[in-house]
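# Notes for the structure review
For reference, the chains in residue letters:
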Amino acid sequence: VSGIILYSKKEDELTDKDYSVKRLLSAARFRGIKLDVLVPSQFELVVTNLDEKSILVDDHPIPIPDFIIPRMGSDTTFYAFSIIRHLEYLGTYVCNNAHSIYSVKDKLYMHQKLASSKLATPKTMLAKFPSDIKVVKREIGFPLVIKNVTGTQGTGIYLCESEDKFQDVMELIYSNNPKANIILQEFIEKSAGQDIRVFVVGGKVIGCMKRSSKTSFKANYSKGGKVSEYKLTPELEWLSTEAAKFLELDIAGVDLLFDDNGFKICEANSSPGFHGLEDVVGKTVAETILDYILIKIGMNIEDQSYEKIQEVKDV
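Presented here is a report on the structure given in the accompanying data block.

What counts as what
Residues numbered from 1 in each chain as written. Predicted model: local features only at pLDDT ≥ 70, side-chain atom pairs only at ≥ 80, totals over all residues. Heavy atoms only, no water. Salt bridge = Lys/Arg side-chain N within 4 Å of Asp/Glu carboxyl O. Helix = DSSP H or I, 4+ residues; strand = E, 2+ residues; numbered from the N terminus. Buried < 20%, exposed > 50% of the residue type's maximum accessible area, 1.4 Å probe, protein only. Expected span 1.5 Å × (residues − 1). Contact = heavy atoms within 4.5 Å. Pairing = 2+ DSSP bridges. Core = buried A, V, L, I, M, F, W, Y, C linked by side-chain atoms within 4.5 Å. Axes fitted to C-alpha atoms, helices over the stretch in contact; angles between N-to-C directions. Parallel < 35°, antiparallel > 145°, perpendicular 65-115°, else oblique. Left-handed = near helix turned anticlockwise from the far one by under 90°. Nonpolar A, V, L, I, M, F, W, Y, C, P; charged D, E, K, R; others polar. Phe/Tyr/Trp six-rings, centres within 6.5 Å; stacked < 30°, edge-to-face > 60°.

### Topic: the pattern of salt bridges
According to the stated counting rule, one finds 18 salt bridges in the structure shown. In this structure, Lys 165 and Glu 161 form a salt bridge, with 3.5 Å as the shortest nitrogen-oxygen distance. Note that Lys 264 and Glu 186 form a salt bridge whose closest N and O atoms lie 3.3 Å from each other. Separated by 78 residues along the polypeptide, Lys 264 in strand 16 (residues 262–269) and Glu 186 in strand 11 (residues 182–186) bring together distant segments of the chain. Residue Lys 264 is classed as buried on the basis of its relative accessible area, which comes to 17%. Each member of the salt-bridge network shares a partner with another, and the members are Asp 195, Arg 197, Arg 211 and Asp 255.

### Comments concerning helix 7 (residues 234–246)
The first and last C-alpha atoms of helix 7 sit 18 Å apart over 13 residues, in line with the 18 Å expected at 1.5 Å per residue. Among all positions in helix 7, only Leu 236, Leu 239, Ser 240, Thr 241, Glu 242, Ala 243 and Ala 244 are buried. Buried positions along helix 7 lie against helix 4 (107–116), strand 12 (194–201), strand 13 (204–212), strand 15 (251–259) and strand 16.

### Some remarks on the pairing of strand 6 (residues 67–70)
With burial as the criterion, each face of strand 6 is covered, one bearing Phe 67 and Ile 69 and the other bearing Ile 68 and Pro 70. As judged from the four bridges shared by strand 1 (residues 2–6) and strand 6, these two strands associate in the parallel manner. The residue of strand 6 that forms the bridge with Gly 3 is Phe 67. Inspection of the sheet shows strand 6 paired to strand 7 (residues 93–94) by two bridges, in the parallel sense. Looking at strand 7, one finds that Ile 68 is bridged to Val 94.

### Concerning the nonpolar core
In this structure, Ile 5, Leu 24, Phe 67, Phe 199, Phe 274 and Ile 289 are the most contacted members of the largest nonpolar core, which totals 32 residues. Of all elements in the fold, only helix 1 (19–30), strand 2 (34–38), strand 6, strand 12, helix 8 (275–281) and helix 9 (285–296) reach the threshold of two or more residues within this core. Sorting elements by how many residues they give to this core places helix 9 first, with seven residues. In terms of nonpolar packing, the next biggest core, distinct from the first, is built from 22 residues, Cys 208, Val 254, Leu 256 and Phe 263 among them.

### Considering the sheet that holds strand 6
Taken together, four strands build an open sheet; the order of strands is 2-1-6-7 and the sheet is parallel. Two strands bound the open sheet, and with one partner strand each, they are strand 2 and strand 7. Where strand 1 and strand 2 come together, five bridges link them in parallel fashion. Counterpart to Ser 2 in the pairing with strand 2 is Lys 34.

### Focus on the sheet that holds strand 4 (residues 54–57)
Across the sheet, which stays open at both edges, the three strands sit in the order 3-4-5 with antiparallel pairing between neighbours. The open sheet has two free edges, formed respectively by strand 3 (43–44) and strand 5 (60–63), since each of these has just one partner strand.

### Brief notes about the packing of helix 1 against helix 9
As a packed pair, helix 1 and helix 9 sit with axes 9 Å apart at the nearest point and diverge in direction by 60°. Our classification of the angle between helix 1 and helix 9 gives oblique. Crossing angle aside, the handedness with which helix 1 passes helix 9 is right-handed. Residues Arg 23, Leu 24, Ala 27 and Ala 28 of helix 1 pack against Ala 286, Glu 287, Ile 289 and Leu 290 of helix 9. Grouping the constituent residues of the contact of helix 1 with helix 9 by class yields six nonpolar, no polar and two charged.

### Examining unusual backbone geometry
Glycine aside, residues mostly have negative phi angles, and peptide bonds mostly take the trans form. Here Phe 129 and Pro 130 are connected by a cis peptide whose omega angle stands at 0°. If you trace the backbone, Pro 130 turns up in the loop between strand 8 (124–126) and helix 5 (133–139). In this chain, Phe 142 is followed by Pro 143 through a cis amide linkage whose omega measures 0°. One can find Pro 143 in the loop between helix 5 and strand 9 (144–148). The residue Lys 118 is not glycine, and still its phi comes out positive at about 75°. For Lys 118, the position within the fold is in the loop between helix 4 and strand 8. For Lys 118, a relative accessible area of 74% gives the class exposed.

### Thoughts on the packing of aromatic side chains
According to the stated counting rule, one finds eight aromatic pairs in the structure shown. Measuring from centroid to centroid gives 6.3 Å for Phe 81 and Tyr 102, while their planes differ by 65°, and the two rings are edge-to-face. Of this pair, Phe 81 sits in helix 2 (residues 78–89) while Tyr 102 sits in helix 3 (residues 98–105), and the two are 21 residues apart along the sequence. Overall, the relative accessible area of 7% leaves Phe 81 in the buried class. Looking at Tyr 102, the relative accessible area reads 40%, which means it is partly exposed. Geometrically, the ring pair formed by Phe 129 and Tyr 174 is stacked, given 4.9 Å between the ring centres and 15° between the ring planes. Taken together, the residues span a long stretch of sequence, with Phe 129 in the loop between strand 8 and helix 5 and Tyr 174 in helix 6 (residues 163–176) at a distance of 45 residues. Given a relative accessible area of 41%, Phe 129 falls into the partly exposed group.

Spelled out as structure tokens, the structure:
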């Protein structure tokens, strides 16, 4: 069995900050899976109607892998999307596929999809510059959250507390980037500095944790937030699995905000880190992901020979 992790760094460039990728590599070695970490620039993309048996990596043909795990999230470039789609067309199992990655890369599109599913989400508005402050105040209100459409790991997010600050921040954003794509979102005060991360694999919840911060309204682990155990409730399980299903994500990190009437879905991530989660639930996440992939490609995970089993078609 062979696979590729499509990432922003090569394997020899990985550091402790690349915890999730390193854990996947370690778990793969234990299972006898050949797993390589490649960056998009190593690929040559050749499209032909001939029967392809290989792809070009570092200008050398390699066999088409059994699976690919894209781990670039919202940083996925056009070239990376093209590689993912190409491998998908060649029959490689992609976890997650290009369409689902794009669905969450664009935060506005993600909220449009979630809103159509009737799942509870914060009210969201596409910003324009100059903004009509009266419309913003009426539709979203203050304080509000300003987000880059494609931000990740808590970056590109700002809590704006007043109309005056809003004007200043928007002027600063658009003076630096006139083509900036920004969304405005209602601030859920009850969830300030805390949220819930639910990790979903193959439509099933494999872990749940609370993230909290005393210094910021953002609770991301990558930004120094603390993690702790949190009991998985039926509501949390239903919201997170439904979000993953509507966004067509095989692997999803679903972030939920505390609300007066339960929870609201803040966002979903297509390549969620799981360092914090494994601190809470133990080192099982990487193994669960790989076992799920093996089943999806038709391998018997209980047999060390990993012989093909034709009856396993879907999970």
